[in-house]
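Close look at the chain arrangement
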Amino acid sequence: MTQIEFDSLVPGKPIQIDVDGKPVCVARVGEEVFAVSNICSHAYAELSDGEIKGFAVECWLHGADFDLRTGQALTLPATEAIETFAVHRDGNNLIISQKIQKMKES
Ligand code: FES
């Protein structure tokens, strides 16, 4: 897990942080904060260099949009979702951590 300050985030300007060795894109949308994998699922591009559009981040390289809330690829050329991370806010402190994998029901 990684701790950052809410006040350090500027709406519409995502940043990259490291969470347990994984590059993570953290984006503030209004008073909400989302964290997703920083690597586009289409090819290698860092989403923290992309643009925030509503609740989506647009990859700067080929223009795929990803939903910051679910990680779903919303537009081509990306078709695979990206990992999402848990964001816990306590006042000005944000804790970003990997989500606990849910056991798949058989
Ligand atoms: S690398 Fe992101 S859309 Fe192609």
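It should be emphasised that the depicted structure is a prediction, and the values quoted were computed from it without experimental measurement.

Criteria and thresholds
Residues numbered from 1 in each chain as written. Predicted model: local features only at pLDDT ≥ 70, side-chain atom pairs only at ≥ 80, totals over all residues. Helix = DSSP H or I, 4+ residues; strand = E, 2+ residues; numbered from the N terminus. Rg over C-alpha atoms; globule rule 2.2 N^0.38 Å. Buried ≥ 20, exposed ≤ 12 C-beta atoms within 10 Å, placed from the backbone. Pairing = 2+ DSSP bridges. Axes fitted to C-alpha atoms, helices over the stretch in contact; angles between N-to-C directions. Contact = placed C-beta atoms within 7 Å. Core = buried A, V, L, I, M, F, W, Y, C linked by C-beta atoms within 7 Å.

Attention now goes to the overall build of the protein chain. Within the protein chain, the secondary structure is distributed over zero helices and nine strands. Starting at the N terminus and ending at the C terminus, the protein chain contains elements arranged as β-β-β-β-β-β-β-β-β. Over its C-alpha trace the protein chain gives a radius of gyration of 13 Å, about what one expects of a compact globule, namely 13 Å for 106 residues. Here the C-alpha coordinates of the protein chain stretch approximately 40 × 40 × 25 Å along the principal axes. Taken across its 106 residues, the protein chain has 28% of its residues classed as buried.

Of note, the amide linkage connecting Leu76 to Pro77 takes the cis form, showing an omega dihedral of 10 degrees. Summarising the element assignment, Pro77 is placed in the loop between strand S7 (65–67) and strand S8 (84–90). The backbone of Asp20 shows a phi angle near 50 degrees, a positive value even though the residue is not glycine. Residue Asp20 is classed as exposed on the basis of its C-beta count, with 11 C-beta atoms lying within 10 Å.

Further remarks concern the sheet that holds strand S3 (residues 22–29). Strands sit in the order S1-S9-S8-S4-S3-S2 across an open sheet of six strands; the sheet is antiparallel. Edge strands, defined here as strands with exactly one partner in the open sheet, are strand S1 (2–5) and strand S2 (15–19). Within this sheet the neighbouring strands show an average axis-to-axis angle of 30 degrees, counted without direction. Judged from the six bridges that link them, S3 and strand S4 (residues 32–37) form a sheet pairing that is antiparallel. Bridge pairing in S4 links Val26 to Ala35.

What follows concerns the sheet that holds strand S5 (residues 51–53). With antiparallel pairing, the three strands of this open sheet are ordered in space as S5-S6-S7. Two strands bound the open sheet, and with one partner strand each, they are S5 and S7. When the angles between neighbouring strand axes are averaged without regard to direction, this sheet yields 30 degrees. Direction of pairing for S5 relative to strand S6 (residues 56–58): antiparallel, over a ladder of three bridges. The residue bridging Ile52 from the neighbouring strand is Val57, located in S6.

Position of Ser97 relative to the elements: it lies in strand S9 (residues 93–98). Excluding anything up to four places from it in sequence, Ser97 contacts Met1, Val19, Phe85 and Ala86.

Cys25, Ala35, Val36 and Phe66 are the most contacted members of the largest nonpolar core, which totals 23 residues. Secondary structure elements with two or more residues in this core: S3, S4, S6 and S9. Among the elements that take part in this core, S3 stands out by supplying four residues, more than any other. The residues contacting Val36, other than those within four sequence positions of it, are Cys25, Leu47, Phe66, Leu68, Gly71, Ile82, Glu83, Thr84 and Phe85.

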